Amino acid sequence: MVRIVFTLFLTVVFVITGFVFAGSVLAQDTFQVAEEKLEARIENIVEEKEIEVMDKKQLYQKLELLILNGSLKDKKVTVENGNLPTANTLQFKAGDEVVVSKSQDISGNDFFYITDFIRRNAMLWLFIIFAGLTVLIGRWRGLASLVGMAISFAVIFAFILPQILAGRDPIFISILGSLVIIPVTFYLSHGINRKTTVAIL
């Protein structure tokens, strides 16, 4: 019984995987992102003061940034921070590396705003610690769970999100993606047995 179910499962995975990659390519062809995410380093603080926005005092900074990647790599831009009402204004200093969004106003002119600090290194170390503890405690089952998690992220970011952003029915796309994610993660995390099969069904 388990062999039959597992064979059917593999067949479904291979078929749906074909739809996943085909749909991903189609979504990339039909969807274009108007906003560009850039990475930048703060070169200079041109101006820093306290201003009043909607009857609330907050920090205002005019910053000179060097773009590190993307279409404006190695170019310098000036960004205002704290000129809009916000609950918590981030304070930046020279040398900080930040994420910058490049967009266009209704006139077609480019404008930039900082969304956050670049936290890649900290997130990488957290992932290494998490993965190490998972394998240390769970052994092979822990490693298999990490593989299942990686497959889940691949389906979400390569298929589900692009398809939804392309305007397709989010419920249908989510269900289609779950037909790959649920069996793969369950079997990798809990093994191939009757209980896992019942849970998947």
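Everything in this summary refers to the structure shown in the same document.

Right, let's get into the overall build of the protein. From N to C terminus, the protein includes four helices and five strands. What you see in the protein, going N to C, is helices and strands ordered as α-β-β-β-β-β-α-α-α. Put simply, 53% of the contacts in the protein that link residues at least 6 apart link residues at least 24 apart. Summing over all exposed atoms, the protein offers an accessible surface of approximately 13500 Å²; the carbon and sulfur share of this is 64%.

Our focus in this paragraph is the packing of aromatic side chains. The final tally for this structure, using the stated rule, is three aromatic pairs. Ring geometry for Phe111 against Tyr113: centres 6.2 Å apart, planes inclined by 25°, an arrangement best described as stacked. Phe111 sits in the partly exposed class, given a relative accessible area of 37%. With a relative accessible area of 32%, Tyr113 lands in the partly exposed category. Judged by centre distance (6.1 Å) and plane angle (20°), the ring pair of Phe153 and Phe157 falls under stacked. A residue pair is termed a helical-turn pair when its members lie 3 or 4 positions apart in one helix, as Phe153 and Phe157 do in helix H2 (residues 120–165) at four residues. Here Phe157 falls in the exposed class, since its relative accessible area comes to 53%.

Turning next to the pairing of strand S2 (residues 56–67). Pairing of strand S1 (residues 36–53) with S2 involves twelve bridges; the strand directions are antiparallel. When the sheet's bridge partners are listed, Ile45 is paired in S2 with Leu63.

So, how was this worked out
Residues numbered from 1 in each chain as written. Predicted model: local features only at pLDDT ≥ 70, side-chain atom pairs only at ≥ 80, totals over all residues. Heavy atoms only, no water. Helix = DSSP H or I, 4+ residues; strand = E, 2+ residues; numbered from the N terminus. Contact = heavy atoms within 4.5 Å. Areas by Shrake-Rupley, 256 points an atom, 1.4 Å probe, with all protein chains shown as cover. Phe/Tyr/Trp six-rings, centres within 6.5 Å; stacked < 30°, edge-to-face > 60°. Buried < 20%, exposed > 50% of the residue type's maximum accessible area, 1.4 Å probe, protein only. Pairing = 2+ DSSP bridges.

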